[in-house]
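Below are the chains, spelled out letter by letter.
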Amino acid sequence: MTALSLTINGRAIGPIEVRDDLSMNDFLREVLGMTGTKFGCGAAQCLSCAVIVDDGGISATRPTCIAPAVDFDGLSIRTVEGHATGGGLTPLQVSFIEHFAFQCGYCTPGFLNEGQVLLERLARDPIPRADLERTITEALDGHLCRCSGYVKYHEAVRAVVLADAGRYLT
(Lines give C-alpha, C1' and ligand atoms only; values in the text may rest on other atoms or scores of the structure.)
Protein backbone atom coordinates (compact mmCIF):
# COMPACT_ATOMS: atom_id res chain seq x y z
CA MET A 1 0.00 0.00 0.00
CA THR A 2 1.12 3.52 -0.82
CA ALA A 3 -0.28 6.89 0.23
CA LEU A 4 -1.45 8.75 -2.86
CA SER A 5 -1.97 12.52 -2.99
CA LEU A 6 -2.76 14.47 -6.13
CA THR A 7 -4.94 17.24 -7.50
CA ILE A 8 -7.89 16.32 -9.70
CA ASN A 9 -9.84 19.04 -11.46
CA GLY A 10 -8.40 21.62 -9.07
CA ARG A 11 -9.32 19.69 -5.93
CA ALA A 12 -6.72 18.17 -3.59
CA ILE A 13 -7.21 14.43 -3.10
CA GLY A 14 -5.51 12.39 -0.41
CA PRO A 15 -3.49 11.14 1.08
CA ILE A 16 -5.38 7.93 0.36
CA GLU A 17 -3.84 4.50 0.86
CA VAL A 18 -4.01 2.51 -2.41
CA ARG A 19 -2.69 -0.82 -3.55
CA ASP A 20 0.48 -0.43 -5.60
CA ASP A 21 -1.10 -2.37 -8.47
CA LEU A 22 -4.34 -0.32 -8.59
CA SER A 23 -4.66 1.34 -12.00
CA MET A 24 -5.37 5.04 -12.20
CA ASN A 25 -8.50 4.22 -14.17
CA ASP A 26 -9.80 2.01 -11.35
CA PHE A 27 -8.81 4.64 -8.77
CA LEU A 28 -10.84 7.30 -10.58
CA ARG A 29 -13.84 5.07 -11.25
CA GLU A 30 -14.00 2.76 -8.25
CA VAL A 31 -12.43 4.75 -5.42
CA LEU A 32 -13.51 8.29 -6.34
CA GLY A 33 -16.70 7.46 -8.31
CA MET A 34 -15.53 9.57 -11.27
CA THR A 35 -16.90 7.46 -14.12
CA GLY A 36 -16.28 9.88 -16.99
CA THR A 37 -12.87 8.36 -17.69
CA LYS A 38 -13.56 5.16 -19.60
CA PHE A 39 -11.84 1.78 -19.69
CA GLY A 40 -11.55 0.79 -23.33
CA CYS A 41 -8.87 -1.57 -24.55
CA GLY A 42 -6.86 -2.05 -21.36
CA ALA A 43 -3.63 -1.70 -23.34
CA ALA A 44 -3.32 2.11 -23.69
CA GLN A 45 -4.05 1.83 -27.41
CA CYS A 46 -7.53 3.37 -27.78
CA LEU A 47 -6.99 6.25 -25.32
CA SER A 48 -10.59 6.33 -24.10
CA CYS A 49 -9.00 6.48 -20.67
CA ALA A 50 -6.75 9.50 -21.31
CA VAL A 51 -6.68 12.27 -18.73
CA ILE A 52 -4.87 15.60 -18.89
CA VAL A 53 -1.72 15.95 -16.80
CA ASP A 54 -0.74 19.55 -16.09
CA ASP A 55 2.94 20.22 -15.59
CA GLY A 56 4.07 23.80 -15.13
CA GLY A 57 1.64 25.33 -17.60
CA ILE A 58 2.12 22.59 -20.16
CA SER A 59 -0.54 19.92 -20.49
CA ALA A 60 -0.47 16.49 -22.09
CA THR A 61 -2.77 13.51 -22.10
CA ARG A 62 -1.83 10.26 -20.44
CA PRO A 63 -3.61 6.90 -20.47
CA THR A 64 -4.90 5.59 -17.15
CA CYS A 65 -5.83 1.98 -17.93
CA ILE A 66 -2.33 0.52 -17.57
CA ALA A 67 -0.74 3.18 -15.36
CA PRO A 68 -0.68 2.53 -11.62
CA ALA A 69 -2.45 5.22 -9.60
CA VAL A 70 0.72 5.68 -7.55
CA ASP A 71 2.47 6.93 -10.72
CA PHE A 72 0.21 10.01 -10.51
CA ASP A 73 1.27 10.86 -6.95
CA GLY A 74 1.91 14.58 -6.62
CA LEU A 75 0.54 15.40 -10.07
CA SER A 76 -2.27 17.69 -11.11
CA ILE A 77 -4.69 16.10 -13.55
CA ARG A 78 -7.94 16.97 -15.27
CA THR A 79 -10.61 14.47 -16.14
CA VAL A 80 -13.57 14.93 -18.44
CA GLU A 81 -15.63 15.92 -15.38
CA GLY A 82 -13.39 18.96 -14.93
CA HIS A 83 -14.07 20.71 -18.23
CA ALA A 84 -17.39 22.43 -17.54
CA THR A 85 -17.16 25.02 -14.80
CA GLY A 86 -19.80 27.14 -13.16
CA GLY A 87 -22.55 25.17 -14.85
CA GLY A 88 -21.43 26.13 -18.36
CA LEU A 89 -19.90 24.01 -21.07
CA THR A 90 -16.59 24.93 -22.67
CA PRO A 91 -16.50 25.99 -26.33
CA LEU A 92 -15.03 22.58 -27.18
CA GLN A 93 -17.85 20.72 -25.41
CA VAL A 94 -20.42 22.88 -27.19
CA SER A 95 -18.73 22.19 -30.51
CA PHE A 96 -18.75 18.44 -29.84
CA ILE A 97 -22.51 18.67 -29.29
CA GLU A 98 -23.14 20.90 -32.30
CA HIS A 99 -21.15 18.60 -34.59
CA PHE A 100 -22.56 15.44 -33.00
CA ALA A 101 -18.94 14.45 -32.46
CA PHE A 102 -19.83 11.23 -30.71
CA GLN A 103 -22.11 8.30 -31.25
CA CYS A 104 -21.90 5.87 -28.39
CA GLY A 105 -19.76 8.42 -26.51
CA TYR A 106 -17.34 5.89 -25.10
CA CYS A 107 -14.24 7.44 -26.66
CA THR A 108 -15.47 11.02 -26.21
CA PRO A 109 -13.62 11.74 -22.92
CA GLY A 110 -10.27 10.89 -24.51
CA PHE A 111 -10.99 12.94 -27.63
CA LEU A 112 -12.27 15.85 -25.54
CA ASN A 113 -9.17 15.84 -23.35
CA GLU A 114 -6.87 15.61 -26.38
CA GLY A 115 -8.73 18.42 -28.12
CA GLN A 116 -8.41 20.59 -25.02
CA VAL A 117 -4.68 19.95 -24.83
CA LEU A 118 -4.39 20.93 -28.50
CA LEU A 119 -6.32 24.17 -27.92
CA GLU A 120 -4.08 25.06 -24.99
CA ARG A 121 -0.99 24.37 -27.09
CA LEU A 122 -2.27 26.49 -29.97
CA ALA A 123 -3.12 29.34 -27.57
CA ARG A 124 0.52 29.32 -26.41
CA ASP A 125 2.01 28.76 -29.86
CA PRO A 126 -0.36 29.62 -32.72
CA ILE A 127 0.17 27.95 -36.10
CA PRO A 128 -0.38 29.06 -39.69
CA ARG A 129 -3.88 28.38 -41.02
CA ALA A 130 -2.34 26.16 -43.71
CA ASP A 131 -1.13 23.75 -40.97
CA LEU A 132 -4.45 23.42 -39.15
CA GLU A 133 -5.82 20.23 -40.75
CA ARG A 134 -2.53 18.36 -40.32
CA THR A 135 -2.13 19.60 -36.74
CA ILE A 136 -5.61 18.43 -35.71
CA THR A 137 -5.11 15.08 -37.42
CA GLU A 138 -1.77 14.55 -35.68
CA ALA A 139 -3.20 15.51 -32.29
CA LEU A 140 -6.20 13.16 -32.50
CA ASP A 141 -4.38 10.39 -34.37
CA GLY A 142 -3.77 8.01 -31.48
CA HIS A 143 -7.39 7.91 -30.36
CA LEU A 144 -9.68 5.12 -31.54
CA CYS A 145 -13.41 5.41 -32.11
CA ARG A 146 -15.32 2.17 -32.58
CA CYS A 147 -18.21 4.07 -34.21
CA SER A 148 -15.85 5.74 -36.72
CA GLY A 149 -16.70 9.30 -35.65
CA TYR A 150 -13.27 10.66 -36.50
CA VAL A 151 -14.46 13.23 -39.03
CA LYS A 152 -16.93 14.73 -36.56
CA TYR A 153 -14.31 15.01 -33.81
CA HIS A 154 -11.96 16.69 -36.27
CA GLU A 155 -14.70 19.08 -37.44
CA ALA A 156 -15.60 20.01 -33.87
CA VAL A 157 -12.01 20.89 -32.94
CA ARG A 158 -11.55 22.79 -36.22
CA ALA A 159 -14.71 24.84 -35.56
CA VAL A 160 -13.41 25.97 -32.15
CA VAL A 161 -10.06 26.98 -33.62
CA LEU A 162 -11.65 28.89 -36.52
CA ALA A 163 -14.18 30.60 -34.24
CA ASP A 164 -11.26 32.20 -32.38
CA ALA A 165 -8.67 32.23 -35.17
CA GLY A 166 -6.88 35.28 -33.75
CA ARG A 167 -6.02 33.25 -30.67
CA TYR A 168 -5.01 29.97 -32.31
CA LEU A 169 -3.73 30.85 -35.79
CA THR A 170 -1.06 33.15 -37.16
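Residues numbered from 1 in each chain as written. Predicted model: local features only at pLDDT ≥ 70, side-chain atom pairs only at ≥ 80, totals over all residues. Heavy atoms only, no water.

### A word on the pattern of salt bridges
- Taken as a whole, this structure holds seven salt bridges when the rule is applied.
- When the shortest N-O distance is used, the salt bridge between aspartate 54 and arginine 78 registers 2.6 Å. With aspartate 54 in strand β3 (residues 51-55) and arginine 78 in strand β5 (residues 76-78), this pair connects stretches of sequence that are 24 residues apart.
- Put simply, arginine 78 and glutamate 120 hold a salt bridge, and the shortest N to O gap is 2.6 Å. With arginine 78 in strand β5 and glutamate 120 in helix α3 (residues 108-124), the pair connects residues that are 42 residues apart, well separated along the chain.
- Connected through shared salt-bridge partners, Asp54, Arg78 and Glu120 make up one network. (Salt bridge = Lys/Arg side-chain N within 4 Å of Asp/Glu carboxyl O. Helix = DSSP H or I, 4+ residues; strand = E, 2+ residues; numbered from the N terminus.)

### With respect to the sheet that holds strand β1 (residues 2-8)
- Taken together, five strands build an open sheet; the order of strands is β2-β1-β5-β3-β4 and the sheet is mixed. In this open sheet, the two strands that pair with only one neighbour each are β2 (11-18) and β4 (58-62). Recorded for the sheet is a direction-independent mean angle of 35° between the axes of neighbouring strands.
- Sheet analysis places β3 next to β4, joined by five bridges and oriented antiparallel. Across the sheet, aspartate 55 pairs through a bridge with isoleucine 58, a residue of β4. (Pairing = 2+ DSSP bridges. Axes fitted to C-alpha atoms, helices over the stretch in contact; angles between N-to-C directions.)

### Let's talk about unusual backbone geometry
- Glycine 14 connects to proline 15 through a cis peptide bond whose omega is 10°.
- Following the sequence through the fold, proline 15 ends up in strand β2.
- Unlike most non-glycine residues, leucine 47 shows phi in positive territory, near 65°.
- Looking at the element boundaries, leucine 47 is found in the loop between α1 (24-31) and β3.
- Positive phi, normally seen in glycine, also occurs at phenylalanine 100, with a value near 45°.
- Along the polypeptide, phenylalanine 100 turns up in the loop between α2 (91-98) and α3.

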